[in-house]
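Inside the fold
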Amino acid sequence: MSVEMKILASHEEWLEARSNTIGGSDASAIVGMNPYKSNIDLWLEKTGQVVPEDISDKSYVKFGTEAEPLMRKLFELDFPEYQVFYKENNLFLNDKYPWGHYSADGWLTDENGRKGILEIKTTEILQSMQKEKWKDRLPDNYYIQLLHGFLIMEADFAILKGRLKTVFNGIPYIQIKHYPIERIDVEDDIQYLAKEEKRFWEKVESRQKPGLILPNF
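Conventions we followed
Residues numbered from 1 in each chain as written. Predicted model: local features only at pLDDT ≥ 70, side-chain atom pairs only at ≥ 80, totals over all residues. Heavy atoms only, no water. Helix = DSSP H or I, 4+ residues; strand = E, 2+ residues; numbered from the N terminus. Rg over C-alpha atoms; globule rule 2.2 N^0.38 Å. Buried < 20%, exposed > 50% of the residue type's maximum accessible area, 1.4 Å probe, protein only. Contact = heavy atoms within 4.5 Å. Areas by Shrake-Rupley, 256 points an atom, 1.4 Å probe, with all protein chains shown as cover. Pairing = 2+ DSSP bridges. Core = buried A, V, L, I, M, F, W, Y, C linked by side-chain atoms within 4.5 Å. Axes fitted to C-alpha atoms, helices over the stretch in contact; angles between N-to-C directions.

Looking only at helices and strands, the protein chain features seven helices and eight strands. The C-alpha radius of gyration computed for the protein chain amounts to 17 Å, which stays within 12% of the reference 17 Å derived for 217 residues, consistent with globular compactness. Principal axes of the C-alpha set define a box for the protein chain whose edges measure 50 × 45 × 35 Å. With 217 residues in all, the protein chain has 44% of them scored as buried. Intrachain contacts of the protein chain at a sequence separation of at least 6 include 70% that bridge at least 24 residues. Summed over its atoms, the accessible surface of the protein chain is roughly 12600 Å², and 51% of this surface lies on carbon and sulfur atoms.

Okay, here's the thing in structure tokens:
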């Protein structure tokens, strides 16, 4: 079987394992769709020339970490047609794509036995531009993250659960959104990403700097 799930013994071991391959949050940088990191930035990290910034103490990261199990439980209550599974420090690997890994916020089985990915995001909308990125669609970097999940986990479908917070006059307003994706509808994009990731990883292994891909924002 090509897909393997590992449960790492500690958070530190999980962080170390993730650094050696391409993860879901890395994938968008490879194709120029990450607003925070370029493909050159990622290449420098993966070749060990730059240490990634530690953002674990950022307030928004802490909020997302603490909110995740609550949102996962709410998903389970709102969608009883799915079996919801989760193990802390999980790492999915696929021998077809040895350069990649995926850490899932949850994995699903539907009533027909199909396998799915659950991804959970929390964000605070500070600008109208951010709101537009969530309007009737997923932000590009999260879409690419799910494509990477499809690739590694060989899932049939994915659902992203998003918690969007907007503050007016000191009062938080919360909007919960769900974005379902069927693998059959995005297969071409998955295969495109696989080719780009393979090409990028060849640059990492050869230590040959790739050409800069500018984000289209």
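Here strand β5 (residues 106-109) shows no split at all, with Gly106 and Leu108 on one side and Trp107 and Thr109 on the other all buried. Here strand β2 (residues 83-85) pairs with β5 via three bridges, running antiparallel. Bridging from a neighbouring strand, Phe85 pairs with Trp107 of β5. In terms of strand pairing, β5 meets strand β6 (residues 115-124) through four bridges, oriented antiparallel. For Leu108, the partnering residue across the bridge sits in β6 and is Gly116. As consecutive antiparallel partners, β5 and β6 are separated by five residues, and within that stretch Gly113 has a phi angle of approximately 85°, a positive value.

Once that is clear, we can look at the nonpolar core. Within soluble globular proteins, side chains that are nonpolar tend to cluster in buried spots. In this structure, Phe92, Tyr102, Trp134, Leu138, Leu146 and Phe200 are the most contacted members of the largest nonpolar core, which totals 39 residues. Broken down by secondary-structure element, the contributors of at least two residues to this core are α2 (24-30), α3 (39-46), α6 (140-153), β7 (157-168), β8 (171-182) and α7 (187-206). Element by element, the count of residues in this core is highest for α6, at eight residues. Ranked by size, the runner-up nonpolar core spans 10 residues in total, among them Ala67, Met71, Leu108 and Ile159.

The next thing to look at is the sheet that holds β5. If you walk across this open sheet you meet the five strands as β2-β5-β6-β7-β8, and the pairing is mixed. Two strands close off the open sheet at either side, each with one partner strand: β2 and β8. Strand-to-strand twist across the sheet, computed as the mean angle between neighbouring axes with direction ignored, equals 25°. Across the sheet, helix α4 (residues 59-78) touches β2, β5, β6, β7 and β8, and the angle it forms with β6 is around 130°.

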